[in-house]
Amino acid sequence: MSWGATRVLGNRDAARYLTAVLVSGFGTAAMLLVAGIWVKDLTGSSSLAGLVTLGTWGPTLVAPLIGVLADRFRRRPLLVWLHLAMTVLLPVLLLVDSAARVWLIFAVMVAYGVSFVLIDSAEAALVPAVVPGDLLGDFNGLRMTVNEGMKLVAPLAGAGLFAAYGGHPAVLLDAATFALAALLLTLIRVHEAPPPQPERWTRQLAEGLGHLRRHAPLRHLVACTGVAMLLIGINGALAYAVVDDGLHRPPEFNGVLGTVQGVGSLVGGLAAGALLRRLGDRRVTAVAAALLAAGLALRAAPGLAPVAAGTLAVGVGAPLVLITVWTAVQRETPNALVGRVSATVNTLTFGPGTLAVLAGAGLLELVDHRVIQLAGAAGAVLLAGWALCGGPRAAAPDGPRAASGEEAAPEPATPQAAPAAGTVERG
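Quick caveat: nothing in here was measured; it's all calculated off a predicted structure.

Criteria and thresholds
- Residues numbered from 1 in each chain as written.
- Predicted model: local features only at pLDDT ≥ 70, side-chain atom pairs only at ≥ 80, totals over all residues.
- Heavy atoms only, no water.
- Helix = DSSP H or I, 4+ residues; strand = E, 2+ residues; numbered from the N terminus.
- Buried < 20%, exposed > 50% of the residue type's maximum accessible area, 1.4 Å probe, protein only.
- Contact = heavy atoms within 4.5 Å.
- Areas by Shrake-Rupley, 256 points an atom, 1.4 Å probe, with all protein chains shown as cover.
- Salt bridge = Lys/Arg side-chain N within 4 Å of Asp/Glu carboxyl O.
- Core = buried A, V, L, I, M, F, W, Y, C linked by side-chain atoms within 4.5 Å.
- Axes fitted to C-alpha atoms, helices over the stretch in contact; angles between N-to-C directions.
- Parallel < 35°, antiparallel > 145°, perpendicular 65-115°, else oblique.
- Left-handed = near helix turned anticlockwise from the far one by under 90°.
- Nonpolar A, V, L, I, M, F, W, Y, C, P; charged D, E, K, R; others polar.
- Patch = residues over 30% accessible without salt bridge, like charges linked within 9 Å, V, L, I, M, F, W, Y side chains within 5 Å.
- Expected span 1.5 Å × (residues − 1).
- Phe/Tyr/Trp six-rings, centres within 6.5 Å; stacked < 30°, edge-to-face > 60°.

*Asks:* Give me the lowdown on the overall build of the protein chain, citing residues and values where you can.
*Replies:* Looking only at helices and strands, the protein chain features 16 helices and 2 strands. By the burial criterion, 51% of the 427 residues in the protein chain qualify as buried. The long-range fraction of contacts in the protein chain, counting pairs at least 24 apart against all pairs at least 6 apart in sequence, stands at 85%. Of the roughly 17,800 Å² of accessible surface on the protein chain, 69% is carried by carbon and sulfur atoms.

*Asks:* Which residues make up the pattern of salt bridges, and what are the values?
*Replies:* For side chains of opposite charge, pairing can occur when their charged atoms come near one another. Taken as a whole and judged by the stated rule, the model has 7 salt bridges. Asp13 is paired through a salt bridge with Arg16; the nearest N and O atoms lie 4.0 Å apart. Residue Asp13 and its partner Arg16 are located together in helix α2 (residues 12-43), separated by 3 residues, close to a single helical turn. Asp368 is paired through a salt bridge with Arg370; the nearest N and O atoms lie 3.2 Å apart.

*Asks:* Any chance you could break down the environment of Val329 for me, citing the residues and the numbers?
*Replies:* By the secondary structure assignment, Val329 is in helix α14 (residues 304-332). Judged by relative accessible area, which is 3%, Val329 ranks as buried. Note: C-alpha distance between Val329 and Val345 (16 residues apart in sequence) is 8.4 Å.

*Asks:* Describe the nonpolar core, listing the residues and the values that go with them.
*Replies:* Counting 35 residues, the largest nonpolar core has Val8, Tyr17, Leu79, Val131, Phe139 and Leu185 as the members making the most contacts within it. Among the secondary structure elements, those contributing two or more residues to this core are α2, α4 (63-67), α5 (75-89), α6 (102-130), α7 (136-165) and α8 (168-186). Here this core takes 8 residues from α6, the largest share from any one element. Excluding anything up to four places from it in sequence, Tyr17 contacts Leu79, Glu123, Leu126, Phe139, Leu185 and Ile188. By size, the runner-up hydrophobic cluster in this structure holds 28 residues, among which are Cys224, Ala289, Val321 and Ala387.

*Asks:* Describe the packing of helix α10 (residues 216-237) against α14, naming the residues involved and giving the relevant values.
*Replies:* Running from amino to carboxyl end, α10 crosses α14 at an angle of 155°, the nearest separation of the two axes being 10 Å. If you check the angle between α10 and α14, you find them roughly antiparallel. The interaxial crossing formed by α10 with α14 has left-handed handedness. Counted together, Leu218, Leu221, Val222, Thr225, Ala228, Met229, Ile232 and Asn235 of α10 and Val314, Ala318, Val321, Leu322, Thr324, Val325, Ala328 and Val329 of α14 form the full contact between these two elements. Classifying every residue of the contact of α10 with α14 gives 13 nonpolar, 3 polar and no charged.

*Asks:* Report on the packing of α6 against α7, specifying residues and quantitative values.
*Replies:* Packed helices, taken two at a time, are described by the angle their axes make and the gap between the axes. The geometry of α6 relative to α7 is characterised by a closest axis approach of 11 Å and an angle of 140° between their N-to-C directions. One finds that α6 runs oblique with respect to α7. Like other packed secondary-structure pairs, α6 and α7 cross with a definite hand, here right-handed. Across the interface between the two elements, Asp120, Glu123, Val127 and Pro128 from α6 touch Leu136, Phe139 and Arg143 from α7. Among the residues forming the contact of α6 with α7, the class breakdown is 4 nonpolar, no polar and 3 charged.

*Asks:* Explain unusual backbone geometry to me, and be specific about the residues and the numbers.
*Replies:* For His248, which is not glycine, the phi dihedral falls at a positive 55°. Along the chain, His248 falls in the loop between α11 (239-246) and α12 (254-279). For His248, a relative accessible area of 66% gives the class exposed.

*Asks:* Describe a nonpolar patch on the surface, listing the residues and the values that go with them.
*Replies:* On the surface, Leu61, Val62 and Leu65 cluster together into a nonpolar patch covering about 250 Å² of accessible area. With respect to the helices, strands and loops of the structure, Leu65 is situated in helix α4.

*Asks:* Please provide a residue-by-residue account of α5, values included.
*Replies:* For α5, built from 15 residues, the straight-helix expectation of 21 Å at 1.5 Å per residue is met to within 8% by its first-to-last C-alpha distance of 21 Å. Among all positions in α5, only Arg75, Leu78, Leu79, Val80, Leu82, His83, Met86 and Thr87 are buried.

*Asks:* Break down the side chain of Thr344 for me, with residues and values.
*Replies:* With respect to the helices and strands, the residue Thr344 is situated in helix α15 (residues 338-363). Contacts of Thr344, omitting those with residues within four sequence positions, involve Pro64, Leu209 and Leu212.

*Asks:* Please set out the environment of Ala377 residue by residue, giving values where relevant.
*Replies:* If you trace the backbone, Ala377 turns up in helix α16 (residues 369-390). Residues Ala377 and Arg299, 78 residues apart in the sequence, show an inter-C-alpha distance of 9.8 Å. When neighbours within four sequence positions are excluded, Ala377 is seen to be in contact with Ala293, Leu296 and Ala297.

*Asks:* Go over the packing of aromatic side chains with me, naming the residues and quoting the values.
*Replies:* Applying the stated criterion to the full structure yields 3 aromatic pairs. Each ring, one from Tyr112 and one from Phe178, has its centre 5.8 Å from the other, and the planes form 55°; the classification is tilted. Pair noted here: Tyr112 is in helix α6 and Phe178 is in helix α8, with a separation of 66 residues, a long-range link. Assigned by exposure class, Tyr112 and Phe178 land together as buried. Put simply, the rings of Tyr112, Phe116 and Phe178 touch in pairs and so form one group of aromatic residues.

Now the structure itself:
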């Protein structure tokens with residue numbers, strides 16, 4: 001573990017926040033798996049089970065509209081109330097006992113998706129008030145590591161509960177983890193200034209979009225991340241083809257490769273903070289793109305060893321590119337705008353990946369998966385070059401940040417770059 005990650009864990013409020021992420025992440029990872037299994041069990045339909053995921057990710061496509069709310073309230077109370085709202089809403093699923101009430105699962109999953117958007121937006125604005133600017137990358141990396149770690153263990157717990165007792169225990173477990181996370185969030189000692197008087201919704205939305213339009217380096221970084229997530233989405237759509245046509249193994253083997261990718265994500269999350277300090281945004285994005293290129297190419301090769309190595313590389317690269325853009329948004333955006341800007345960035349980065357899953361599935365009907373993988377690898381090589389050289393070197397809107405030439409590593413947040421929502425209470 002890097003010294004930056006150690007410093008983050010030594011910060012009492014940051015550690016409490018990460019504990020809340022761990023607790024709620026465990027329940028969420030278990031519930032999301034159980035929801036799909038539950039729909040499949042009640043209806044017998046694989047397509048309906050697959051739509052559960054669409055319900056949770058769908059609100060991301062309108063995230064800029066939802067994210068405006070995160071800038072209209074104090075962020076810590078908003079996070080607490082969102083977790084409490086899910087605590088109250090989830091028990092509605094205890095009414096599900098037949099296919100006729102499956103619609104309740106979809107309704108709750110859509111609410112889940114809306115809460116994801118708001119929680120991510122509010123968190124992006126609150127974290128700079130809790131974590132020093134030079135440790136934002138380490139915090140975001142640890143947060144990613146915690147989430148990915150939960151994805152390795154929680155789905156097994158959820159599947160075991162469902163197999164033994166059905167969906168209701170998983171519902172109660174998830175509700176309890178939301179309640180516990182809400183309690184932990186109330187213990188974070190941070191003073192927040194009252195939010196500014198809310199303006200018209202359309203004006204607030206335009207201000208968030210305008211910040212990205214004016215901030216050329218951040219806009220370029222978001223564009224690079226969107227392309228990376230598109231390539232990752234295509235890779236995900238080819239997962240079963242790689243296992244079936246490439247490795248000649250049963251579909252269940254995707255679980256093994258999923259674990260390998262999860263291990264890679266843990267590594268990428270832990271390394272992100274140190275890499276950002278040493279290399280800066282552009283170079284870390286280029287490194288992530290190079291890892292994606294190697295991973296996609298290796299997954300096109302025959303044999304378990306190269307496919308496993310490629311899966312590991314994709315696992316390391318994906319969190320690096322996401323942590324880089326999240327940290328840049330927190331560092332380069334005035335706090336009053338962070339909620340709506342981060343929501344807009346989520347749409348611009350995750351939207352292409354969602355569409356790429358559909359495109360990749362369609363391409364498989366026409367082209368061998370190896371051809372698609374190699375084309376994706378070539379695209380990732382081009383992305384690495386674009387991340388280093390293709391974007392603007394213009395300064396942030398408030399003034400020059402660095403002289404021309406090599407990019408400097410990111411500096412700690414300043415009041416001009418990313419004013420904190422408040423000051424952390426000491427003692």
